[in-house]
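# Architecture and fold: a report
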Amino acid sequence: MSIRVRFAPSPTGQVHIGNIRAAIFNWLFARHHGGEFLLRIEDTDRERSTAEAVQGVLDALAWLGLNYDAPPVYQTAQLPRHQEAVEQLLRAGHAYRGSKGDEGGEVTFFRMPGTDITFEDSVKGTMSKKAEDLKDFVIVRSNGTPVFHLANVVDDVTMGITHVIRGDDHVENTFRHIALFRALGVPVPAYAHLPMIVNAQGKPYSKRDGAAFVGDFRAKGFLPEALFNFLALLGWSPGGDKEIMTRREMIDLFEFKQVKSSPAQMDMRKFEWMNGEYIRLLPEEDFRRQFRQALESAGALPSGTDELYFNRVATLMHSRTRSFPESPALVAFFFREDFAWDEKVVKKRLHKPGAAALLAAMRERFSGLDCFTADPLEKALHALAADKGVEIGEIIHPVRVAVSGLGVGPGLFEMLEVLGRDRVLSRLATALALHGGNESGA
Ligand code: GLU
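Description of the structure in this document. Computed from a predicted structure; not experimentally measured. The residue numbering used here restarts from 1 in each chain and proceeds along that chain's sequence as written. The model is predicted, so local features are restricted to residues of pLDDT at least 70 and side-chain atom pairs to those at 80 or more, both for listing and for counting; the totals for chains, interfaces and linings are taken over all residues. Side-chain metrics in this entry use all non-hydrogen atoms of the structure; hydrogen atoms and water are not considered.

## Some words on the overall build of the protein chain
Going by this rule: Numbering of helices and strands runs from the N terminus; a helix is a DSSP stretch of H or I covering at least four residues, while a strand is a stretch of E covering at least two. Here the radius of gyration uses the C-alpha set of atoms, whereas the globule reference equals 2.2 Å times the residue count to the power 0.38. Categorising residues by exposure relies on relative accessible area from a 1.4 Å probe, with only protein chains included: less than 20% of the type maximum marks a residue as buried, more than 50% marks it as exposed, and the intermediate range marks it as partly exposed. Only four residue types enter the tally: Lys and Arg on the positive side, Asp and Glu on the negative side; His and the chain ends are excluded. Note that the charge is assigned to NZ on lysines, CZ on arginines, CG on aspartates and CD on glutamates.
Counting its secondary structure elements, the protein chain contains 18 helices and twelve strands. Here the C-alpha atoms of the protein chain give a radius of gyration of 30 Å, more than 25% beyond the 22 Å that 2.2 N^0.38 yields for 442 residues. Reported as C-alpha extents along the three principal axes, the dimensions of the protein chain are approximately 100 × 40 × 35 Å. Counting the 442 residues in the protein chain, one finds 48% classified as buried. Charged side chains in the protein chain number 53 positive and 57 negative. The centres of these two groups are separated by 2 Å.

Here it is, written out as structure tokens:
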């Protein structure tokens, strides 16, 4: 029997990372077994489903490379099948009509079998529920529309779904669904319920905790490959300490045995680290394009910036960029003289006794260099430190702040080389004038 799985989102809003992670696990499972990955849009909630949300689902899947093996199935188009199934259940005595307190007209109830229900969940193990806790439930509302449980199960039957892989918020529903499959006289699919994604406090991860929708990650310029890899490992650990994996590796290794049943914690810092690893893997051309986009959209790249200069900055930053959204703040100083000063760092590094004198002396020696490249710059700094009897850090830090306004950044000597003689010397002079106090020029 070949494996068929599906991703079955309800298009009522943006695509949450928890949902798309279910899609990723379905996709990996299907690809691992050479099965089929299908898409079903559960759009029967006419009031909350929107065309925009459907498009959001399609875009998220395309962006993450989650290709499906047949055209999407729209649940609303399956209504005749839902109705046939209800007729079948009524004829066989598995369903009956009646009235329900809060609904005006007649509804259709499903008759629970009156036995305990047990199933093996590939993630959570044996799950069971006592007969007395399994009450009859409505499958068709008084207005004639089938409820989620019925539509979901009938569509899974129609689509020949063999494994249902979804969030563990559906575990309770599964007992009802199994009873429905049995009453319809069809095989019950295998189940895997995925642990929830939680925040640092162990609560369901939501938009209040930060980027929670696929669209947020995309809008912020994160890489789809990084998000895919990160979400695949949210709850699944293939063993070993390898975390950056190609899709092929993930497909080859994917197994439910290694999916944990405990909640998976979303760690944005770890995601950013992973995104940085993927940025390093980008071809230089791609990096430049996205780096430029990030700077331009933040207004951090003045028009008319020299192409060659921009490329040198990009090359310098490629191995050090963890995410494109953070780029503008970190590199704005390359492109403008009125860059922001990190006041704390200025105080710590430039206002330190002796710093101005060292800075002035360093400027003097830099200005005398024939060749303004990393090597001679580094040698000059080491020589000055030796002559003055200070640690190199005593000079490195103030120089960095003076030319960039920041306490962190790329390697100082490469950075000075890229900035070039004119910028470096004039910025050192400006810093001395602004922050040098009485000591300047001493
Ligand atoms: N539309 C349901 C949801 O998004 C489907 C659950 C399922 O995968 O069966 O939660």
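Having put the structure on the table, let's press on.
## With respect to the site of the ligand
Quick note on the threshold: Any residue with a heavy atom positioned within 4 Å of a molecule or strand is treated as near that molecule or strand. Polar contact is defined as a pair of N or O atoms within 3.5 Å, subject to the rule that within protein one atom must be able to donate a hydrogen and the other to accept it, and that residues adjacent in sequence are counted only when both atoms are side-chain atoms. Each accessible area is a Shrake-Rupley estimate made with a 1.4 Å probe; only the visible protein chains count as cover when residues are assessed. Under the scheme applied, nonpolar residues are Ala, Val, Leu, Ile, Met, Phe, Trp, Tyr, Cys and Pro; charged residues are Asp, Glu, Lys and Arg; polar residues are all the others, including Gly.
As a structural note, the neighbourhood of the ligand is formed by R6, A8, P9, S10, E42, F148, N152, R166 and H170. One of the backbone N or O atoms of A8 is found 2.8 Å from a nitrogen atom in the ligand. Contact between the ligand and R166: an oxygen atom at 2.8 Å from a side-chain N or O atom of the residue. Protein contacts shield 85% of the accessible area of the ligand, which totals 300 Å² for the unbound molecule. Partitioning the shell around the ligand into residue classes produces three nonpolar, three polar and three charged.

## Overview of helix α13 (residues 343-350)
Working note: α-helix, 3.6 residues per turn, so residues spaced by three or four point in the same direction. The condition that has to hold: Directions are taken from the helix axis to each C-beta atom, and the arc is the one they span. Throughout, a residue-residue contact means that at least one pair of heavy atoms, one from each residue, lies within 4.5 Å.
Restricting attention to buried positions, one finds in α13 the residues V345, V346 and L350. Viewed along the axis of α13, the buried residues span an arc of 105°, placing them on a single side of the element. Exposed residues lying more than 90 degrees from the buried face of α13 are K344, K347 and K348. For α13, the secondary structure elements touched by its buried residues are α14 (355-367), α16 (393-404) and α18 (421-435).

## Considering the packing of aromatic side chains
What counts, and what does not: Planes of paired rings set the category: under 30 degrees apart is stacked, over 60 is edge-to-face and the rest tilted, where pairs are Phe, Tyr or Trp rings (Trp by its six-membered ring) whose centres lie within 6.5 Å. Here, over-ring charges are defined by two tests on the NZ atom of lysine or the CZ atom of arginine: distance to the ring centre within 6 Å, and angle to the ring normal within 35 degrees.
Applying the stated criterion across every chain, the model contains 22 aromatic pairs. Geometrically, the ring pair formed by W27 and F228 is edge-to-face, given 5.7 Å between the ring centres and 85° between the ring planes. Remark: F228 occurs in helix α7 (residues 224-232) and W27 occurs in helix α1 (residues 17-33); sequence separation between them is 201 residues. An identical accessibility class is assigned to W27 and F228; each is buried. By way of ring pairs, the aromatic residues F287, F291, Y309, F310, F324, F333, F334 and F335 are connected into one cluster. The ring of W27 carries the charged tip of R247 above its face, separated from the ring centre by 5.6 Å. The residue whose ring lies beneath R423 is Y309, and the NZ or CZ to ring-centre distance is 4.0 Å.

## Points about the pattern of salt bridges
The condition that has to hold: Salt bridge, as used here: a side-chain nitrogen of Lys or Arg that lies within 4 Å of a carboxyl oxygen of Asp or Glu.
Scanning the model with the defined rule gives 29 salt bridges in all. Among the ionic pairs, E417 bridges to R312, the shortest N-O distance being 3.1 Å. Separated by 105 residues along the polypeptide, E417 in helix α17 (residues 412-419) and R312 in helix α11 (residues 307-318) bring together distant segments of the chain. Judged by its relative accessible area of 24%, E417 falls in the partly exposed class. Connected through shared salt-bridge partners, R6, R40, E42, D155 and D156 make up one network.

## Brief notes about the environment of G202
Position of G202 among the secondary structure elements: in the loop between β11 (197-198) and α6 (214-219). When the C-alpha atoms of G202 and H318 are compared, they prove to be 35 Å apart, with 116 residues separating the residues in sequence.

## Brief notes about the sheet that holds strand β4 (residues 95-99)
The condition that has to hold: At least two DSSP bridges between two strands are needed for those strands to be called paired. Comment: axis = line fitted to C-alpha atoms, over the contacting stretch for helices; angle = value between 0 and 180 degrees taken between N-to-C directions.
One open sheet accounts for three strands, arranged β4-β5-β8; its pairing is antiparallel. The two strands at the open ends of the sheet, each matched to only one other strand, are β4 and β8 (137-140). If you compare each strand with its neighbour and ignore which way they point, the axes differ by 50° on average. Judged from the three bridges that link them, strand β5 (residues 106-110) and β8 form a sheet pairing that is antiparallel. Pairing of F110 across the sheet is with F137, part of β8.

## Here's the deal with the side chain of S323
One can find S323 in the loop between α11 and α12 (327-335). Those residues within four positions of S323 in sequence are excluded, and the remaining contacts are F222, N275 and I279.

## Things to note about the sheet that holds strand β2 (residues 36-41)
Here we have three strands laid out as an open sheet, ordered β1-β2-β3, and parallel in their pairing. Both outer strands of the open sheet, β1 (4-7) and β3 (73-74), are each paired with one neighbouring strand and no more. Inspection of the sheet shows β2 paired to β3 by two bridges, in the parallel sense. Residue pairing across strands places R40 opposite V73, the latter belonging to β3. α1 rests against β1 and β2 of the sheet, and its axis sits at about 165° to β1.

## Topic: the packing of α7 against helix α9 (residues 268-281)
Filter applied, for reference: Roughly parallel covers angles under 35 degrees, roughly antiparallel covers those over 145, roughly perpendicular covers 65 to 115, and oblique covers all other angles. Note on convention: the crossing is left-handed when the near helix lies turned anticlockwise from the far helix by less than a right angle, right-handed when the turn is clockwise.
The interhelical angle for the contact between α7 and α9, taken along N-to-C directions, is 130°, at an axis separation of 9 Å. As summarised for this structure, α7 and α9 are arranged oblique, according to the angle between their axes. Relative to α9, α7 is oriented so that their crossing is right-handed. Of the residues in α9, those in contact with E225, A226, L227, N229 and F230 of α7 are K270, F271, M274, N275 and Y278. Looking at the contact of α7 with α9 residue by residue, the classes come out as six nonpolar, two polar and two charged.

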